[in-house]
Amino acid sequence: LRSGEIQKPGKGDLIRAYTLQHAECGLGNDYSKRKNVIRVRLEGEQFLLQAADVPSVVEWIEGFQAGTNISLDLDHRVMPKGPMFPR
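Residues numbered from 1 in each chain as written. Predicted model: local features only at pLDDT ≥ 70, side-chain atom pairs only at ≥ 80, totals over all residues. Heavy atoms only, no water.

Mapped onto the secondary structure, Arg16 falls in the segment before strand E1 (24–27). Ignoring anything within four residues of it in the chain, the contact list for Arg16 reads Glu43 and Glu45. Among the polar contacts made by the side chain of Arg16, one reaches the side chain of Glu43 at a distance of 2.6 Å. Reaching out from Arg16, the side chain makes a polar contact with the side chain of Glu45 at a distance of 3.1 Å. (Helix = DSSP H or I, 4+ residues; strand = E, 2+ residues; numbered from the N terminus. Contact = heavy atoms within 4.5 Å. Polar contact = N/O pair within 3.5 Å; in protein donor to acceptor, adjacent residues only side chain to side chain.)

What follows is the structure in structure tokens.
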């Protein structure tokens, strides 16, 4: 491959694109085999992702939630769910 060129997938490669519309993301607390696990549910499927450390977990979850909050058309969006902090 030349510099900057992307390899084309073969016939046996599985490629699937997902949307963040109606996605859910959070900590995978019940998954005890690994630390720093993020659970992502979208389009009827579930993914477990492992982050390097706790700050990375927070960044990933915030990123997924931000993407989910803006993925729907303006007419169909609900108010974003942000972290609730006591006063």
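Structure shown, so let's carry the discussion forward.
Below, the discussion takes up the nonpolar core. In terms of nonpolar packing, the biggest core is built from 9 residues, these being Ala23, Cys25, Ile38, Val40, Leu42, Ala51, Val57, Ile61 and Phe64. Listing elements by their share of this core, those giving two or more residues are strand E2 (37–42) and helix H1 (54–71). Discounting chain neighbours no more than four positions away, the residues touching Phe64 are Leu20, Cys25, Val40 and Leu49. (Core = buried A, V, L, I, M, F, W, Y, C linked by side-chain atoms within 4.5 Å. Buried < 20%, exposed > 50% of the residue type's maximum accessible area, 1.4 Å probe, protein only.)

A few words on unusual backbone geometry. Unlike most non-glycine residues, Asn36 shows phi in positive territory, near 55°. Checked against the element boundaries, Asn36 lands in the loop between E1 and E2. With phi around 50°, Glu43 is a residue other than glycine that occupies positive phi space. In this structure, Glu43 sits in the loop between E2 and strand E3 (45–50). Among the residues examined, Glu43 registers a relative accessible area of 36% and is labelled partly exposed.

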